[in-house]
Amino acid sequence: MNWNAVRTAIICAILIVLHYTVRPLLAWNASIDFLIIALMFGAVRMRPGLAALFGFALGLVSDSLSPGAFGAAALGMSIVGFGASWLKAVFFADNLALNGFFIFLGKWTFDLIFVLVGHRMHGAELFMQIIVWSSLSAAITAVAGVLAVALLRPLMEVRTA
Amino acid sequence: MARATRLSSRIDFLLFIGCVIIALVTLVLPLQMREPLAEVLRRSVVAPLVNLQSNAERWHTAWQLSEERTARLDSAVMRGFNAVALQSENDQLRKLLGLGARLRTGFVPAEAVHNAVREDVVTTLTLTAGTRSGIKVYSPVVSPEGVVGLVQTADPSISIAILFSHPDFRASAMSGDGTSFGIVYPHLQQGLGGTGEYLLELRGVPFRTTLSAGTMIYTSGLGGTFPRGIPIGVVLKEMKTAEGWTRTYLLQPSVNPAKVNAVMVLTPQRSPQRMDNVWQMVARVDSATHGVANAGDSLARHAVADSVRRAAADSAQRAAAAKPTTPAPTRVDSTPRRAPVVAPADTAARRRVITDSARPVRPARRDTVRRDTVRRDSTRRDSVRRDTSVRRDTTRPDTTTRRR
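Residues numbered from 1 in each chain as written. Chains lettered and ligands numbered in written order. Predicted model: local features only at pLDDT ≥ 70, side-chain atom pairs only at ≥ 80, totals over all residues. Heavy atoms only, no water.

Caption draft 1: The confidence of the model for chain B, seen in detail. Residue and element names in this part refer to chain B. Taken residue by residue, chain B gives an average pLDDT of 74. The fraction at 70 or more is 67%. Averaged pLDDT values over the elements of chain B bottom out at 40 in helix α6 (residues 334-342) and peak at 92 in strand β7 (residues 181-186). Residue range residues 191-195 is modelled with pLDDT below 50. Its contacts to residues more than four positions away, or to other chains, number 10 contacts. In the predicted structure, residues 324-404 sits below a pLDDT of 50 and forms 31 contacts with residues beyond four places in sequence or in another chain. Taken over the whole predicted complex, pTM reads 0.48, whereas the ipTM for its chain interfaces reads 0.86. (pLDDT = per-residue confidence, 0-100. Helix = DSSP H or I, 4+ residues; strand = E, 2+ residues; numbered from the N terminus. Contact = heavy atoms within 4.5 Å.)

Caption draft 2: Here's a closer look at the packing of helix α3 (residues 48-64) of chain A against helix α4 (residues 72-86) of chain A. All names here are of chain A. In contact at an axis separation of 7 Å, α3 and α4 are set at 155° when each is read in the N-to-C sense. Classified by the angle their axes make, α3 and α4 are roughly antiparallel. Judged by the sense of rotation from one axis to the other, the crossing of α3 with α4 is right-handed. Contacts between α3 and α4 involve P48, G49, A51, A52, G55, F56, L58, G59, L60, S62 and D63 on the former and, on the latter, A72, A73, A74, M77, S78, G81, F82, S85 and W86. Partitioned by chemical class, the residues of the contact of α3 with α4 number 12 nonpolar, seven polar and one charged. (Axes fitted to C-alpha atoms, helices over the stretch in contact; angles between N-to-C directions. Parallel < 35°, antiparallel > 145°, perpendicular 65-115°, else oblique. Left-handed = near helix turned anticlockwise from the far one by under 90°. Nonpolar A, V, L, I, M, F, W, Y, C, P; charged D, E, K, R; others polar.)

Caption draft 3: Quick peek at a nonpolar patch on the surface. All names here are of chain A. On the surface, F127, M128, I131, V132, W133 and L136 cluster together into a nonpolar patch covering about 530 Å² of accessible area. Take W133: it is sitting in helix α7 (residues 123-152). Since its relative accessible area comes to 33%, W133 is described here as partly exposed. (Patch = residues over 30% accessible without salt bridge, like charges linked within 9 Å, V, L, I, M, F, W, Y side chains within 5 Å. Areas by Shrake-Rupley, 256 points an atom, 1.4 Å probe, with all protein chains shown as cover. Salt bridge = Lys/Arg side-chain N within 4 Å of Asp/Glu carboxyl O. Buried < 20%, exposed > 50% of the residue type's maximum accessible area, 1.4 Å probe, protein only.)

Caption draft 4: Region of the structure containing helix α3 (residues 47-103) of chain B. Residue and element names in this part refer to chain B. Compared with the 84 Å implied by 1.5 Å per residue over 57 residues, the 82 Å span of α3 between its first and last C-alpha is a close match. By the burial criterion, the buried members of α3 are L49, A56, H60, Q92, L96, L99, G100 and L103. R104 sits one or two positions beyond α3 and adopts a positive phi of about 65°. (Expected span 1.5 Å × (residues − 1).)

Caption draft 5: Molecular detail of the pattern of salt bridges. In this structure the tally under the stated criterion is 10 salt bridges over all chains. With a closest N to O distance of 2.9 Å, K107(A) and D33(A) form a salt bridge. Residue K107(A) is located in helix α6 (residues 96-118), and its partner D33(A) is located in the loop between α1 (3-26) and α2 (34-43); the two are separated by 74 residues in the primary sequence. There is no split in this pair, since K107(A) and D33(A) are both buried. We note a salt bridge from R203(B) to E201(B), for which the minimum N-O separation is 2.8 Å.

Caption draft 6: Local environment of the interface of chain A and chain B. Contact with chain A, which involves 31 residues of that partner, is made by 29 residues of chain B. Buried surface at the junction of chain A and chain B, summed over both partners, amounts to about 2500 Å²; 78% is from carbon and sulfur atoms. Summed over the three residues of chain A that lose the most area to chain B, namely Y20(A), L25(A) and F70(A), the buried surface amounts to 22% of that side. Connecting chain A to chain B are one salt bridge. A salt bridge links R47(A) to D12(B); the nearest nitrogen and oxygen atoms lie 2.8 Å apart. Summed over the shared surface of chain A and chain B, the number is five residue pairs in polar contact (both at pLDDT 80 or more). Per-element accounting of the side of chain A that touches chain B gives the leading share, nine residues, to α3(A). (Buried area = accessible area lost by both parts, 1.4 Å probe. Polar contact = N/O pair within 3.5 Å; in protein donor to acceptor, adjacent residues only side chain to side chain.)

Structure follows, in structure tokens:
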């Protein structure tokens, strides 16, 4: 049995559950995106194709609760998941700051795709969302991701092939 | 090896492209087709997550509501505190307005500002009126309850007054009937000793005059500072002093300096005039108010007593109505005892009882029954007499025959 895959699955499940329990409790304007953290953690342990599929699945779950932009989150997470898996060599670096930066980048990219493809905002509002709120949300997500990495490090021993 | 790697890379890329294409397709789908897809997901895979989210949102809402309730409660409590303070301030200001109306002229209203440094015994007050308003040094400071103190320092816009608790305070005083005179001093032993009490001493009362506890003490107007007739306090008890020719009394002041917020400063033009009617009127109004309140209380008490009496009468009636159904041996009252009297054994007596029963009161009926029985006996006696007479008649011949 592949224990690494089991551990990854458990951690991803916990993060997904946190996304639907902690986030509504906090109810911040720029909130933590645990789904992106789960996607990044999962993607670096998968092949890029599987990571894209995982992102697509997570995106569909997210889209199902916001049917106005159904497919936008699936597209964004597929791209982010594939990209994270493709850049996994960078994530292998045992550096929390670097991990935080890539989580920030992943969240911000996802928000960018989601907002642009979803056609929800225009003009100044779109600009504010991308520059201010998405950046803020990405920063908070990165901090939460770094904390999660630090806490779950013993469980997430990624071995290079 | 390289071929396998290339193949897997191609598969990964194809998967990625496939995901992207499907996502784009779902994006461009019409709403009528997107919604059923989302609904299927919500009802199957996402259902537990939706439950989790709804529970979390419920918790969040409950938390917010509880915070709002706490905030509302806090503000209500604050409003309550403010209301109490405002009410007390309003009462004080109303009294002051009443005093102003009675004084008519020669006074300056001022706000009393307490010292920022907390004192166990308040001895000075800063007043928000000064010489510009006509206040001078030694102007008397009064409140609707009585003497507060006198002005010690008068600046153009503010003045500082010493209270009767100040060691330098003196006032010439007299009893309400004007028979006893003395000088009022602050009672320093307890007042300034940190107990927080405000007491005064009436010294120099002639030995021949005795003041009972509860006697009201007023300013006498002899000192020239305070006009005559302002209440100072009430006699608590006589104090033991070393002096043998005068008496000293302990007084409870009419005014609590710690609660004074607004005062009247009497101007020099008003000071020489007597104030007898001003505060006595207050006392009369107060006693009238107490009388009205007491009358209301007694009326309420009467109403309660009436209702209790009515309830007792109702219960007694109810008990009386329920009596025939209840067994007689358990009751000890007079009614069951009367029953055998009303039902005599022989019919003649019963008839008499029925004729007598037209009388209204039952005990009387019992008496008549007794009387009837007596009458019955007398009847028997009559018949016996008659019989004996007959017998006598009949026996006489016999006896005569015997004699013969």
